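Coordinates in review
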Amino acid sequence: MSKVANMLNMVKILEDGKIHTIQDLADELEVSTRMIRIYKQELEQAGIYIKGKQGINGGYILDNMKKGTLPTINELESIYTFINIGATGFLLAGETSIG
């Protein structure tokens, strides 16, 4: 699958609110654990925050955004489009720019 498709699938997996280990995500998406870390960084650059929990029961969990609601597929596709064309920043509906 493409990188964007894998990142979308990663968000879908994390939407269940459960903690997923990096290895489990890598196995599910058929990529390396290094790619999962890269996907996490790129999603966070796009405003989709993923919490990392350390320890025996550690892993990744999707951090709520937009006051507790998850992004729609259309919103995610728009974010990836902006990233792919080289945008360095953007606002989601209802957000305010500071600085």
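Residues numbered from 1 in each chain as written. Predicted model: local features only at pLDDT ≥ 70, side-chain atom pairs only at ≥ 80, totals over all residues. Heavy atoms only, no water.

Regarding its fold elements, the protein presents four helices and two strands. Counting from the amino terminus, the protein carries its helices and strands in the arrangement α-α-α-β-β-α. Sorting the 99 residues of the protein into buried and exposed places 33% on the buried side. Sequence separation of 24 or more characterises 53% of the internal contacts of the protein that already satisfy a separation of 6 or more. Carbon and sulfur atoms provide 50% of the accessible area of the protein, an area that totals close to 6,500 Å². (Helix = DSSP H or I, 4+ residues; strand = E, 2+ residues; numbered from the N terminus. Buried < 20%, exposed > 50% of the residue type's maximum accessible area, 1.4 Å probe, protein only. Contact = heavy atoms within 4.5 Å. Areas by Shrake-Rupley, 256 points an atom, 1.4 Å probe, with all protein chains shown as cover.)

This part is about the pattern of salt bridges. The final tally for this structure, using the stated rule, is two salt bridges. A salt bridge links E42 to K3, with the nearest nitrogen and oxygen atoms 2.7 Å apart. One end of the pair, E42, is in helix 3 (residues 33–45); the other, K3, is in helix 1 (residues 3–14), and 39 residues separate them in sequence. When its relative accessible area of 36% is taken as the criterion, K3 is described as partly exposed. Close ionic contact of E44 with K40 constitutes a salt bridge, the shortest N to O distance being 3.0 Å. Taken as a pair, E44 and K40 lie in helix 3 at a separation of four residues, close to a single helical turn. Classification of K40 by relative accessible area gives buried; the value is 16%. (Salt bridge = Lys/Arg side-chain N within 4 Å of Asp/Glu carboxyl O.)

With 12 residues, helix 1 should reach 16 Å at 1.5 Å per residue; the first-to-last C-alpha distance of 16 Å fits that figure. Within the span of helix 1, buried status applies to N6, M7, L8, N9, M10, V11, I13 and L14. For helix 1, the secondary structure elements touched by its buried residues are helix 2 (22–29), helix 3, strand 1 (50–53), strand 2 (59–62) and helix 4 (73–84). (Expected span 1.5 Å × (residues − 1).)

Here the focus is the pairing of strand 2. Sheet analysis places strand 1 next to strand 2, joined by four bridges and oriented antiparallel. Note on strand 2: the bridge partner recorded for G52 is Y60. In textbook terms, the turn of a hairpin is the stretch between consecutive antiparallel strands, and for strand 1 and strand 2 this stretch comprises five residues, one of which, G55, has a positive phi near 110°. (Pairing = 2+ DSSP bridges.)

Note that predicted coordinates carrying low pLDDT should not be read in detail. On average, residues of the protein carry a pLDDT of 81, and 79% of them reach 70 or more. When pLDDT is averaged over each helix and strand of the protein, the minimum, 79, is found for helix 4 and the maximum, 95, for helix 2. (pLDDT = per-residue confidence, 0-100.)

In this structure, E30 is a non-glycine residue whose phi angle is positive, near 60°. The topology assignment puts E30 in the loop between helix 2 and helix 3.

Grouped together as the largest cluster of nonpolar side chains are 21 residues, with contacts concentrated most on M10, I36, L43 and Y60. At the level of secondary structure, the elements contributing two or more residues to this core comprise helix 1, helix 2, helix 3, strand 2 and helix 4. Per element, the largest residue contribution to this core is six residues, and it comes from helix 1. (Core = buried A, V, L, I, M, F, W, Y, C linked by side-chain atoms within 4.5 Å.)

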